[in-house]
Amino acid sequence: MNTEQIQRQQFIKDNIDVNLDHNKLIEEAEWKVEFYEKEVVKAYQNLELSKLALNQLKNRLDYETQL
């Protein structure tokens, strides 16, 4: 093999390595997005539960002050 062929092969190998690294980063980012989407859903559900609990407390307070 001549120098040009070796350089070309190295260039191709380097590009493959970069693409593999990018693919790993993309997969990691996708996993993080899925994880945080689930966390947002949990937080929203907790917020809704908190609203319900506060509304129940308000209703109870209103009821008890009417007695």
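Bear in mind that the values here come from a model prediction, so they are computed numbers and not experimental data.

## Regarding the overall build of the chain
Here is step 1: Looking only at helices and strands, the chain features one helix and zero strands.
Here is step 2: The C-alpha atoms of the chain give 29 Å as radius of gyration, which overshoots the globular expectation for 67 residues (11 Å, by more than 25%).
Here is step 3: Oriented by its inertia axes, the alpha-carbon framework of the chain measures out at about 95 × 10 × 5 Å.
Here is step 4: Accessible surface, the chain as shown: approximately 6700 Å² in total, 58% of it carbon and sulfur.

## A short note on the pattern of salt bridges
Here is step 1: According to the stated counting rule, one finds six salt bridges in the structure shown.
Here is step 2: Across the pair Glu-64 and Arg-60 runs a salt bridge whose closest N-O atoms are separated by 3.0 Å. You can see Glu-64 and its partner Arg-60 sitting in helix α1 (residues 3-66), four residues apart, about one turn around the helix.
Here is step 3: For Glu-64, a relative accessible area of 43% gives the class partly exposed.

## Digging into a nonpolar patch on the surface
Here is step 1: A cluster of nonpolar side chains, namely Phe-11, Ile-12, Ile-16 and Leu-20, defines an oily patch on the protein surface of about 390 Å² accessible area.
Here is step 2: Here Ile-12 is to be found in helix α1.

Parameters at a glance
- Residues numbered from 1 in each chain as written.
- Predicted model: local features only at pLDDT ≥ 70, side-chain atom pairs only at ≥ 80, totals over all residues.
- Heavy atoms only, no water.
- Helix = DSSP H or I, 4+ residues; strand = E, 2+ residues; numbered from the N terminus.
- Rg over C-alpha atoms; globule rule 2.2 N^0.38 Å.
- Areas by Shrake-Rupley, 256 points an atom, 1.4 Å probe, with all protein chains shown as cover.
- Salt bridge = Lys/Arg side-chain N within 4 Å of Asp/Glu carboxyl O.
- Buried < 20%, exposed > 50% of the residue type's maximum accessible area, 1.4 Å probe, protein only.
- Patch = residues over 30% accessible without salt bridge, like charges linked within 9 Å, V, L, I, M, F, W, Y side chains within 5 Å.

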